[in-house]
Amino acid sequence: MNKKLLILHTGGTISMSEGEDGKVSPSAKNPLLAALEKLSHPAELYQEALLNVPSPHITQSHWQLLKARIEKGVNEQGFDGVVITHGTDTLEETAYFLDLALNVDVPVVLTGAMRSSNELGADGLINLQSAILVALSPESQGKGVMVVMNDEIHNAKFVTKTHTTNVATFQTPTFGPCGLVAKNRVIYFQHLDQYERYPIAKIEKANVQLVKAYVGMDSFLLEQLALSQCDGVVIEALGAGNLPPTCLAGVAALLNANIPVVLVSRAFNGVTQDVYDYLGGGKQLKQQGVIFTTGLSGQKARIKLLVLLNQQLNKPLADYF
Ligand SMILES: NC(=O)C[C@H](N)C(=O)O
């Protein structure tokens with residue numbers, strides 16, 4: 001019996017058109033709705049234009065809407081997999097939130113396009129076809145949420161947009177894609193061994209801020225955040241996890257205000273390590289109580305902190321990173 005796939009459109013360039021004037025804007029009617037019959041696949045497809053927004057407009061409320069619709073589709077309506085079309089600017093964030101928060105056990109795949117539906121070399125339909133094949137593949141079971149773009153399969157946790165316009169924009173730094181779509185074959189090469197899920201009910205603590213470190217950074221911004229009583233702060237630190245001494249008063253102000261400080265590297269390859277023992281070095285930051293992460297980008301660490309702050313933890317926050 002053919003599998004049933006739920007396809008949820010949210011907008012983005014994949015659903016946009018280029019006008020005579022070269023401007024790309026949302027289409028009144030999503031062109032994907034009519035395009036689906038052009039694709040070849042052994043499945044029953046049910047599609048829904050859940051949203052039609054550029055992905056810079058995506059909010060945490062949209063994430064909750066998507067989560068609820070997917071869980072209803074899978075756990076009540078019996079869909080065997082879900083494909084989501086989404087703008088690429090924030091696609092990696094939606095994918096990771098769903099990876100951490102979804103309560104379903106079927107493949108969920110996000111895809112998008114770097115060229116709009118009527119542009120020369122439009123990549124939307126081939127990406128959608130690949131995403132459908134990945135969602136249908138039995139080997140996609142138990143791999144969490146994935147991103148399929150440009151014939152590559154990436155885990156939601158580490159994939160990131162690396163190029164403003166190129167169709168090969170989505171990459172996984174440090175260890176590459178987990179698989180490929182070769183014409184109509186889905187081939188996996190590696191499996192993420194740290195899959196995690198948190199049954200988040202709703203997002204109440206949402207004030208998690210993200211700050212990037214730079215030469216000579218002072219404590220102003222961090223001290224303002226400490227005064228603001230935000231729920232958490234992620235810092236994109238220098239190198240393996242170090243900060244200028246001039247911002248350490250700000251770090252201390254946050255920690256003294258019991259605001260969790262999570263540290264990633266602004267370098268997009270590799271992992272943070274508390275190895276340097278000098279003023280502002282990672283060794284001293286970790287001793288102060290800064291939480292180090294393993295390979296997450298700033299935007300992904302922010303999402304993980306957000307999810308963790310909105311549930312009952314049974315061990316110290318640092319142990320979850
Ligand atoms: N390629 C894209 O989809 C980019 C677009 N600005 C969006 O994220 O909605």
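This is a predicted model, so every value here is computed, not measured. (Residues numbered from 1 in each chain as written. Predicted model: local features only at pLDDT ≥ 70, side-chain atom pairs only at ≥ 80, totals over all residues. Heavy atoms only, no water.)

Structural notes on the sheet that holds strand E15 (residues 261-265)
For the record, the criterion: In short, DSSP must find at least two bridges between two strands for them to pair. Comment: elements are numbered from the N terminus, with helices defined as DSSP H or I runs of at least four residues and strands as E runs of at least two. We call two residues in contact whenever any of their non-hydrogen atoms come within 4.5 Å of each other. To obtain an axis, a line is fitted to C-alpha atoms, over the contacting stretch when the element is a helix, and the angle between two such axes runs from 0 to 180 degrees between their N-to-C directions.
The strand order E13-E14-E15-E16 describes an open sheet built from four strands, whose pairing is parallel. What marks the edges here is a single partner per strand, and that holds for strand E13 (208-212) and strand E16 (291-292). Pairing of E13 with strand E14 (residues 232-237) involves five bridges; the strand directions are parallel. Counterpart to Gln209 in the pairing with E14 is Val233. Strand contacts of helix H5 (residues 220-227): E13 and E14, with the helix running at about 170° to E13, the strand carrying the most contacts.

Brief notes about helix H4 (residues 124-136)
What sets the pattern is the α-helix's 3.6 residues per turn: residues three or four places apart point alike. Threshold: By this rule the span expected of a helix is its residue count minus one, scaled by 1.5 Å. To sort residues, take the accessible area from a 1.4 Å probe on protein chains only and compare it with the maximum for the residue type: under 20% means buried, over 50% means exposed, and anything in between is partly exposed.
Compared with an ideal rise of 1.5 Å per residue, which puts 13 residues at 18 Å, H4 spans 18 Å between its outermost C-alpha atoms and is within 8% of the ideal. With eleven of 13 residues buried, H4 is to be regarded as a mostly interior element. Those residues of H4 lying buried are Gly124, Asn127, Leu128, Gln129, Ser130, Ala131, Ile132, Leu133, Val134, Ala135 and Leu136.

Things to note about the environment of Met149
Within the fold, Met149 resides in strand E7 (residues 145-149). Met149 gets classed as buried once you look at its relative accessible area, which sits at 2%. For the pair Met149 and Gln171, spaced 22 residues apart in sequence, the C-alpha separation works out to 9.3 Å. Not counting chain neighbours up to four residues away, the residues in contact with Met149 comprise Thr88, Thr111, Gly112, Ala113, Met114, Asn127 and Phe170.

Concerning the pairing of strand E5 (residues 81-85)
To be explicit about the condition: When the strands point away from the viewer and the path from the first strand over the helix to the second turns clockwise, the crossover is right-handed.
Most of E5 sits out of view: five of its five residues are buried. Side chains of E5 alternate between two faces, with Gly81, Val83 and Thr85 and Val82 and Ile84 buried alike. Alignment of strand E1 (residues 3-9) against E5, held across five bridges, turns out to be parallel. Each bridged residue has a counterpart across the sheet, and for Leu8 the counterpart in E5 is Ile84. Bridge count between E5 and strand E6 (residues 108-111): four bridges; the pairing is parallel. Bridged to Val82 within E6 is Val108. At this point the chain moves from E5, through helix H3 (residues 91-101), to the parallel E6, and the crossover so formed is right-handed.

Focus: the pairing of E7
With five of its five residues buried, E7 lies for the most part within the structure. One crossover worth recording links E6 to the parallel E7 by way of H4, and it is left-handed. Here E7 runs beside strand E8 (residues 152-155); their pairing, made up of four bridges, is antiparallel. Bridge pairing links Met149 to Glu152 in E8. A loop of two residues connects E7 with E8, the two strands running antiparallel in sequence, and Asn150 in this loop sits at a positive phi of about 55°.

Some remarks on the site of the ligand
Formally: Here a residue is considered near a molecule or strand provided that any single heavy atom belonging to it is located within 4 Å of it. Values of accessible area rely on a 1.4 Å probe in the Shrake-Rupley scheme; residue burial ignores everything except the protein chains shown. The residue classification treats Ala, Val, Leu, Ile, Met, Phe, Trp, Tyr, Cys and Pro as nonpolar and Asp, Glu, Lys and Arg as charged. All others, Gly included, are polar.
As a structural note, the neighbourhood of the ligand is formed by Gly12, Thr13, Pro54, Ser55, Pro56, Gly87, Thr88, Asp89, Ala113 and Met114. In the complex, 86% of the free accessible area of the ligand, which totals 270 Å², lies under the protein chains. Split by residue class, the shell around the ligand holds four nonpolar, five polar and one charged.

What to know about the domain arrangement of the chain
Definition in use: An automatic or database domain assignment supplies the start and end points of every domain. In what follows, salt bridge is the name for a side-chain nitrogen of Lys or Arg lying within 4 Å of a carboxyl oxygen of Asp or Glu.
Segmentation of the chain into domains returns domain 1 (4-188) and domain 2 (208-320). If you average the C-alpha positions of domain 1 and of domain 2, the two centres end up 31 Å apart. Each side of the interface is counted separately: domain 1 has 14 residues, and domain 2 has 13 residues. Taken together, domain 1 and domain 2 are joined by zero salt bridges.

Some details on the sheet that holds strand E11 (residues 179-182)
Paired through backbone hydrogen bonds, the strands of a sheet run either parallel or antiparallel to each other. With mixed pairing, eight strands are arranged side by side in an open sheet as E4-E1-E5-E6-E7-E8-E11-E12. Looking at which strands have only one partner, the edges of the open sheet turn out to be strand E4 (43-49) and strand E12 (185-188). Sheet twist, expressed as the average angle between the axes of neighbouring strands with direction ignored, equals 25°.

A look at the packing of H5 against helix H6 (residues 248-256)
Just so we agree on the cut-off: Roughly parallel means an angle under 35 degrees; roughly antiparallel, over 145; roughly perpendicular, 65 to 115; everything else is oblique. Left-handed is the label given to a crossing in which the near helix is rotated counterclockwise from the far helix by less than a right angle, and right-handed is the label when the rotation is clockwise.
Interaxial distance between H5 and H6 falls to 7 Å at its minimum, and their mutual angle equals 15°. One element, H5, and the other, H6, form an angle in the roughly parallel class. The element H5 and its partner H6 pack so that their crossing is left-handed. Along the contact surface, H5 presents Leu222, Glu223, Leu225 and Ala226, while H6 presents Ala249, Gly250, Val251, Ala253 and Leu254. Across the contact of H5 with H6, the residue classes break down as seven nonpolar, one polar and one charged.

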